[in-house]
Amino acid sequence: MTTSFVGMEKSSPVRRRCDNCPNPEAPCVFGEWKRKTGERTLMIIGMNPGKQEVVQKRPFVGRSGSLLKQAVAPVWEGRIYVTNAVVCAPKGKKVSTAEAESCAGNLAEEILSIKPDAILSLGEVAKSGLRRVPSEVLEGIPIIQYPHPASTMHGGGMRQGAWVEGCRAALVKGLNPLSAIEVRPFTKAMSSYLPALLGADSEYPGKPPWMGADIYAISDGTVAWATTNPNGDIGGLFKDRTIVFHHAVNELMVLLGMGAELPSDVHDTMVLACLDNEEGPRDLKILAATRCGLNYVEPTKMGKLDQTYCSQDARAALLLFTTYPDVRRHPLYTELYRPLFPILARMGYRGLRVDLEGARAQLESNKAKIAEIDEKLKAYADIKWSSDEQIEAYFKSKGYPLEKLTPKGLRFSVDDEVMKVLRSQGVEEAALVLERRRLAKEASAYLQPIINSGGVVRTIYNPVGAETGRISSGATGLAKYGGMNLQNVPKHLRSLFFPPEGKVWVEADASQHEVRVMAWLAERGRKERPLTTALMMSADFYVDIAREFLGREPSEEERAAFKAAVLAGQYLARPRTVVRRLQADGVYGVSEEQVRAFFSFIETRFPTVVWWRESLFRQAREEGRVTTPLGRHRSVLVGPGGTLSPDTRRIIINSPVQGTASDFCLFALLRAWRAGLTDLLTTTHDSVSVAAHPSEVREVARILKQAFEDEPALEGEPYLKVKVRAGPNWYALEEVPL
C-alpha cells in the first residue's frame, strides 16, 4: 500500500514573514510536515503558493500535491517536510527578484531548523532561492533538482506520468540507496551451485564467491548480491535470506528444472512495478534506467545469452528492489502475490497431460481444411491468402469497406473484426479468410505445441500479465517444449487436456464475474442496491434484463446481444462499436438507436453504477489515477481543465473491475491451496481447476465454491456466484450438485 503522504497535525511554522517583504499584504503559506516518522528527513522546496494553497493555507495541495505524493512516497521512508522558496503569493504572475531575495534569508533559517538529510528542489524559483542561501547552510546536503509538478498542467509541458517517473528516478539516483552496501554480479554459470545452495543440507561443490550476503537476485543462471558481512557463515545460504527476481514464477520454474528446492523468501520486482503503477513499464531494463539510472543493453550476438548480460539483469533487479520500500508492504503483495509465486511456479512446471494422438489427428484435419479453403479462395484471386498485405490489396480492389474506427480515427484494416463485418454482409471471401485464420491459429498456437510437448504441456503464469493486473500465461522459452497460453484455449480443444491418471478434472468458474464485481464496487455500503438485487434474484441476469427492456421473452440471439451490451454500456463503449461487434458475432438487426436506448435504460435502472463511475472520474481528476478497494491503482492522463478522453474514461472504469475480479480469483486459488487442494491444474482470470479422486469430487467442489464465495472483502455478502463442474477432461464437464 502506498505510504500515507498527507498533512500531519500542523505544528508551529518554522518560517515567518520577511521583515522587508515587498508584498506585505499578500497571504503567506508556511511549510509543514507531510510525514513525521522515520530516521531521515527529506525537505521539498517548491516555488510559491498557488490559488488552492492560499485558500487551504497549506503547501503542495491539489494536483501538484498528488503528483508529488506518487513520486516521493514510494521511495522515501523517512520524514518529509514541504515548503516554498517564496512563502507569499506574488503580486504578478511570476515571482519578482525582490520577492525572491527577501525570502532567501528565511529559507536559510528554515533549512537550519529542519536539518534535512536531502533536499528536493522543484522548479526554477526554488533553484534560484537555493542559490541565495549561504553555502555553509547547504554543506553536506545532497540537492536533487527537478521541474515543478505545475509544469505538467500547461500546454506543451511534461505528461503527468512521465513527471512522476522522472522525479522518482531523479530522487533515487540522487540519494543512491545502495551507497552503504556493495552489489556484485557473478558472471559464471551457476548450474553446479544452485541445486545444492537451495537444498536443505547439501555439500557445496566448491566455494562460491558470495559469503554472508543478506540479499540476492537471480536471473538466467547468474546471481547478484549485496553484503554487509563478507566474512559471514556460508551455511544455509539462500534458505533464510531474501531472493529477488524479475518475474519470479519464471525463475522459480528454472530452479525446479534444476532440481532445486524453492527458497522461502522471494520477491518479484515486476509485480512491485505493477502495484506501484499498473500503467507503467514492466520491462526490467526500462525500469532500471528510469528508477535507478542504470543503463545496459542486450548483446546482439545470437545463441545463448551472454553471462555478463544476465548478471546485469540480476544486478538491475537488486537495485530496483531497493526503490520499492513502501510497495513491498502493500497488502496485495504480502498477502496474495508473495504466497502465490511458488504455487504458480509448481503448477506451471508440473503441467497438464495431453492427448498426443488426438492432437495429431486434429492437426491433420486442420491442414486438410486449410487446403480446401485455399482452393476455394483461388477462384477469387491467386494470391497468398495468409498475407494481410495481399488480402488488403484484394479487398480494396473489389471496393469492399475496410474502415475501422480506432482511437486515431478511421483506419484501413483486414483484422478479424473487419472480416466478420464483411462476412455478415455476405462476402464469402471474408468468411473463408476467417475460417482459414482460425484453423491456422489452432494449429500453430495449440496443436503443434501439444505435439511438441511429448505428453505434458507447461505454461509460465504471469500474475500481473495484463495492464489491469489480470493473470496471464505464456510460452516464452517453452514453445519448443510444448509451452502455450492456457488462458484462451478454444473450448473444443480442451478435450485434449486431462488430469493425472485415475483422477477427475474439477473446475470452479465464477459466473457473471465482472458484472458482479462491478455491483460490489458500485453498491457496497449503500442501502439501495438495484444491481446487486437484480443479480441475486435472477436465475439468468441477462435474460431478465432483456425481458424487462423488451417487454417479452428474448430469443437466444437477443440474450447474447444483451449480454454483450450490458458490459459494453458500463465500459462506455460507442453504440456503433457495439453494433459492429454484434454483427461480427452473428447477431444482426440491432441498430445504433436501439443500443443507445438500452444504454439509457441501464443507467436509469441502475443509477448506483452511474454515481460510482462519476466518483471514479472525480478521483482521476483530483489524483491523476484511479484506485481499487484492494489498493491497486493506475495512473491516467488528465487533460486541461480536468478533461478525460473517452478512452481514458473506459480505462478508469475497466481497471478497477478487471483488476478486482482477478484479485478475487487469485485469492480463491490461494485459499483452495491452503485448504488442502494442492493438486492444482490451471487457473484463468475467473476460474480455478484442480484434480480430485472420483470419490472426493463433491468435497473438493464444496471447498472450491467456498474458496470463491467466502471472499473476506465482501464481508459475508453473496456477491460472487460460482458454478463447479467435473469430468474426465477439461471439456467434458458436468455441474456438481451441492
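Structure first, text after, so check above.
The shown structure was predicted, so the numbers you read here are calculated from the model rather than taken from an experiment.

Here the focus is the nonpolar core. A general tendency of soluble globular proteins is for nonpolar side chains to be buried together. If you look at the biggest cluster of nonpolar residues, it comprises 141 residues, and the most contacted ones within it are Y337, F497, V506 and F541. At 12 residues, helix α24 (residues 646–674) tops the list of elements feeding residues into this core. Among the nonpolar cores identified, the runner-up in size contains 26 residues, and C21, Y81, C103 and A126 belong to it.

All right, on to helix α4 (residues 124–131) then. Here α4 has its buried residues at V125, A126, G129 and L130. Seen end-on, α4 carries its buried residues on one side only, within an arc spanning 135°. Facing away from the buried surface of α4 by more than 90 degrees, the exposed residues are E124 and R131. In this structure, the buried residues of α4 make contact with β2 (41–46), α3 (97–114), β4 (118–122), α5 (135–138) and β5 (143–146).

Turning our attention to the pairing of β2. Counting buried positions along β2 gives six out of six residues, so the element sits mostly inside the fold. Here β2 shows no split at all, with T41, M43 and I45 on one side and L42, I44 and G46 on the other all buried. Across four bridges, the pairing between β2 and β4 is parallel. The residue bridging I45 from the neighbouring strand is S121, located in β4.

Applying the stated rule across the entire model yields 28 salt bridges. In this structure, the salt-bridge partner of D265 is R338, at a minimum N-O distance of 2.2 Å. Placement of the pair is D265 in the loop between α8 (248–257) and β10 (266–268) and R338 in helix α12 (residues 331–350), with a sequence separation of 73 residues. Put simply, R702 and E699 hold a salt bridge, and the shortest N to O gap is 2.5 Å. One end of the pair, R702, and the other, E699, are both in helix α25 (residues 697–709), three residues apart, so they sit about a helical turn from each other.

Cut-off values and rules
Residues numbered from 1 in each chain as written. Predicted model: local features only at pLDDT ≥ 70, side-chain atom pairs only at ≥ 80, totals over all residues. Heavy atoms only, no water. Core = buried A, V, L, I, M, F, W, Y, C linked by side-chain atoms within 4.5 Å. Buried < 20%, exposed > 50% of the residue type's maximum accessible area, 1.4 Å probe, protein only. Helix = DSSP H or I, 4+ residues; strand = E, 2+ residues; numbered from the N terminus. Arc of directions from axis to C-beta. Contact = heavy atoms within 4.5 Å. Pairing = 2+ DSSP bridges. Salt bridge = Lys/Arg side-chain N within 4 Å of Asp/Glu carboxyl O.

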